[in-house]
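Residue-level listing of the chains:
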Amino acid sequence: MCGIVGAVAERTVTPILLEGLRRLEYRGYDSAGLAVIAPEGLQRQRAVGKVAQLEKRLETHPLRGMTGIAHTRWATHGAPTEVNAHPHMSGSQLAVVHNGIIENYASLRQRLQATGYTFESQTDTEVIAHLIEKYYQQSGDLFVAVQQAIILLEGAFAIAVVHQAHPEYLVCARKGSPLVLGVGSGESFCASDPLALLQVTDRFIYLQEGDIACLSVTGVEIVDQQGQNVERPMKMWEHGHQAADKQGYKHYMLKEIHEQPKVMQDTLEGRISQTSVLPEILGSQASLILPHVEQVHVIACGTSFHAGMVARYWIEKIAGLPCMVEVASEYRYRDVVVPPNTLFVCISQSGETADTLAALRFARQAGYLATLAICNVPGSSLIRETDLALMTRAGPEIGVASTKAFTTQLIALMLLTLVLRRVRQAASRGQDTCEQRIVSALHALPDKINRVLALDEQIEAYAQSFADKQHALFLGRGTQYPIAMEGALKLKEISYIHAEAYPAGELKHGPLALVDKEMPVVAIAPHDDLLEKLKSNLQEVQARGGQVLVFADGAARVGAEMGLAVLHMPEVIDELAPILYTLPLQLLAYHVAVLKGTDVDQPRNLAKSVTVE
Ligand code: G6P
């Protein structure tokens, strides 16, 4: 939620900040703003709407300065108005940008008002500006003032602060929200995501919880939460520079859909042999922990939650372990009973989702055997705070609607399932034909994904019949039920069509009442154990005039038998069908959204990284 970027250089930083904001726009896009220390003093411009609106404003009111901060917002406290847009100032000399949420802002605001500070916005961020200003009055030292102010802040934040009296540096700090420093030659930067800075550097320092940094043209100095000077490792960017652009695709989402064969391959790389999962893919510590696992709890949000739901079927069937899956925002507020020897698994693309992190922090105190993260961002909070980790290697995902992160999560979860199976079967183990079968199918999967991508034109044609509809129903059974949920989520996220997913067997218990010719129904029907039952459910829909679009393989014989619209999918083993069948649903949602003319990469009201509760 919200993206921040800061720069100190020996050239004007406005273009760097603006480009940074464009690349951070996926984090929030209801207003944007920028402040620089110009020769005539601290100058600010803000605009409601996307970064392009701010750019327009800057064309008529240009800002020039060699130190500056900028922000793109996803509103939490206060409507998306110009007055609530960041940077927020205290007086005319100090400006702050903030990503996160200050939970005790109301009491801080009262205290500050009592000492004479006046507030112009409804945001929680403005208290940070005044608080720092208050301490700055006492010491005249911006760094010390930030150190003192953040002690009083409860909640999550990454902030960057500039003061007109100190054009030679900016101060930034993080606790609970991501912040990375970019190291340039004679210039320094900070941002919520390294993507924002790839135009100026490929050297990054990831701040740790509680770190405060001072950025200047001579470099960066970091102090930890105990007030000690610390060195943090510098990392080179490894994903190439194309990660941040569309490479000729019309949208990031489409580019990311098409990247799936490659990133699945990357996620498997070095982790499987021809016939088995390689030992120690979870690190050496795993061999001490995993033999004790008797059950698994999986926690995640959004699309990552759907990956967890698929994993439940796999972990129970393939590894033979009981598995519970829950959304993090529910899990963290109920009285969870943790059976002995339970492994806690959290899944997150960003590794920064507030509810998932809170659930993990609860789990670490709750008597779990160990915690494990499936995550796409190395160095994220989730990775730092779990005992074990299995990285997805999807590369940066920019489209707000998650695609390649999801399918690589499924790959990682299948690897985890096979590791758990192996540990449980260790005593009786000879050749495991199940593992062999799944691993050789994993090798073949990227090719099959390419074959599904080649069905794009057909899917685009089917999308026509959805574009003028208000509602859609997605049906699946078994592992395809969570895939139906993911298909419905994709459609509603980017096309704003109301879509619901049902386990097909549940249809007759209510949703069948909704079915008529205005309600397109999507059915996911690979040739598996539940196919005949699904066919009966589809007959029920057909009998009520519903238009059904079926995704099925040749062996399923759904089309010819039943006279339905069918998209023929390549055959795949049952266990991997959920991964393959995700692709046409992503493409369907994409094409419907394009037909409707919605903002595919930045759908209304949403943000990619939800770092607030
Ligand atoms: C937001 C995004 C979703 C994502 C969810 C969980 O809602 O828009 O695409 O699935 O957060 O994010 P995570 O980074 O934890 O997977």
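Scoring rules and cut-offs
Residues numbered from 1 in each chain as written. Predicted model: local features only at pLDDT ≥ 70, side-chain atom pairs only at ≥ 80, totals over all residues. Heavy atoms only, no water. Helix = DSSP H or I, 4+ residues; strand = E, 2+ residues; numbered from the N terminus. Rg over C-alpha atoms; globule rule 2.2 N^0.38 Å. Buried < 20%, exposed > 50% of the residue type's maximum accessible area, 1.4 Å probe, protein only. Areas by Shrake-Rupley, 256 points an atom, 1.4 Å probe, with all protein chains shown as cover. Near = heavy atom within 4 Å. Polar contact = N/O pair within 3.5 Å; in protein donor to acceptor, adjacent residues only side chain to side chain. 1 Å grid on protein atoms, 1.4 Å probe; cavity = no way out; pocket = protein on both sides within 12 Å on 5 of 7 lines; lining within 4 Å. Sits in = over half its atoms within 2 Å of the grid points. Nonpolar A, V, L, I, M, F, W, Y, C, P; charged D, E, K, R; others polar. Pairing = 2+ DSSP bridges. Axes fitted to C-alpha atoms, helices over the stretch in contact; angles between N-to-C directions. Contact = heavy atoms within 4.5 Å. Points joined across faces, edges and corners; volume = space filled by probe spheres on them. Salt bridge = Lys/Arg side-chain N within 4 Å of Asp/Glu carboxyl O. Expected span 1.5 Å × (residues − 1). UniProt positions renumbered as here; feature names shortened; annotations may be inferred.

**Q** What exactly am I supposed to notice about the overall build of the protein chain here?
**A** The number of helices and strands found in the protein chain is 19 helices and 25 strands. Taking 2.2 N^0.38 as the reference for a compact globule, 613 residues should give roughly 25 Å; the C-alpha atoms of the protein chain span a radius of gyration of 25 Å, in line with that estimate. Considering only C-alpha atoms, the protein chain reaches an extent of 80 × 55 × 45 Å along its principal axes. Counting over 613 residues, the protein chain shows a buried share of 61%. Approximately 22900 Å² of the protein chain is accessible, and the part contributed by carbon and sulfur atoms is 49%.

**Q** I would appreciate a short explanation of the site of the ligand in the present structure.
**A** Contacts to the ligand come from 13 residues, most closely from S304, S348, Q349, S350 and T353. Between the ligand and S304 there is a distance of 2.6 Å, counted from an oxygen atom to a side-chain nitrogen or oxygen. One of the side-chain nitrogen or oxygen atoms of S348 is found 2.6 Å away from an oxygen atom of the ligand. The protein chains hide 89% of the 390 Å² of surface that the ligand would expose on its own. Taking a 2 Å distance to the grid points as the criterion, the majority of the atoms of the ligand fall inside the second largest pocket. The element best represented in the shell around the ligand is helix 9 (residues 302–317), accounting for three residues. Within the shell around the ligand, the residues separate by chemical class into four nonpolar, eight polar and one charged.

**Q** I'm lost on the sheet that holds strand 22 (residues 498–503) in this one. Help?
**A** Strand order in the open sheet made by the five strands is 22-21-23-24-25, with parallel pairing throughout. At either end of the open sheet lies a strand with only one pairing partner, and these are strand 22 and strand 25 (565–569). Pairs of neighbouring strands in the sheet enclose a mean axial angle of 20°, with direction left out of account. Strand contacts of helix 15 (residues 456–467): strand 21 (471–476), strand 23 (520–525), strand 24 (547–553) and strand 25, with the helix running at about 150° to strand 25, the strand carrying the most contacts.

**Q** Please explain empty space enclosed by the protein as it appears in this structure.
**A** A probe matching the size of a water molecule, rolled over the atoms, marks out where space remains unfilled. Taken as a whole and judged by the stated rule, the model has two cavities of 30 Å³ or more. What lines the largest cavity is C2, R73, W74, T76, H77, H86, H98, G100, T123, D124 and T125. Classifying every residue of the lining of the largest cavity by side-chain character gives two nonpolar, seven polar and two charged.

**Q** I'm lost on the pattern of salt bridges in this one. Help?
**A** Oppositely charged side chains can pair when the atoms bearing their charge come close. Applying the stated criterion across every chain, the model contains 25 salt bridges. Among the ionic pairs, R22 bridges to E55, the shortest N-O distance being 2.9 Å. Taken together, the residues span a long stretch of sequence, with R22 in helix 1 (residues 14–24) and E55 in helix 2 (residues 51–60) at a distance of 33 residues. When the shortest N-O distance is used, the salt bridge between E120 and R46 registers 3.5 Å. Of this pair, E120 sits in the loop between helix 3 (105–114) and helix 4 (125–139) while R46 sits in strand 3 (residues 41–48), and the two are 74 residues apart along the sequence. Overall, the relative accessible area of 42% leaves E120 in the partly exposed class. Look at R46 and you get buried, because its relative accessible area is 7%. The network of salt bridges with shared partners includes E19, R22, R23 and E55.

**Q** Help me understand the environment of A106 in this model?
**A** Relative to the helices and strands, A106 is located in helix 3. A106 sits 73 residues away from G33 along the chain, and the two C-alpha atoms are 24 Å apart.

**Q** Can you help me understand helix 19 (residues 577–596) in this one?
**A** Along an α-helix, residues three or four positions apart point the same way, because every turn accommodates 3.6 residues. For helix 19, with 20 residues, the first-to-last C-alpha span of 29 Å sits near the 28 Å given by 1.5 Å per residue. Just past helix 19, the residue G597 takes up positive phi, approximately 75°.

**Q** It is not clear to me how the layout of surface pockets should be interpreted in this structure. Could you clarify?
**A** Estimates place the volume of the largest pocket at around 760 Å³. Surrounding the largest pocket, 34 residues form its lining, Y206, H239, N376, V377 and P378 being those nearest its centre. When the residues that make up the lining of the largest pocket are grouped by side-chain class, the tally is 14 nonpolar, 10 polar and 10 charged. Here the second largest pocket defines a volume of roughly 550 Å³. What lines the second largest pocket is a set of 25 residues, and nearest its centre among them are C301, G302, A607, K608 and V610. Secondary structure elements with two or more residues in the lining of the second largest pocket: helix 9, strand 18 (342–348), helix 11 (354–365) and helix 16 (480–495). Ranked by residue count, the leading element in the lining of the second largest pocket is helix 9, at three residues. When its residues are assigned to classes, the lining of the second largest pocket shows nine nonpolar, 12 polar and four charged.

**Q** I keep staring at the UniProt feature "active site" (unreviewed entry) in the protein chain and nothing clicks. Help me out?
**A** Here the UniProt-annotated "active site" (unreviewed entry) positions come out as C2 and K608. The greatest C-alpha distance among the residues just named is 9.5 Å, despite their covering 607 residues of sequence, which places them together in space. Of the annotated positions mentioned, C2 line the largest cavity. Mapped onto the secondary structure, C2 falls in the segment before strand 1 (3–8). The buried category is assigned to C2, whose relative accessible area is 7%. In contact with C2, not counting residues within four places along its chain, are R27, G28, H71, T72, R73, W74, H98, N99 and S192. Structurally, K608 is set in the segment after helix 19. A relative accessible area of 13% places K608 in the buried class.

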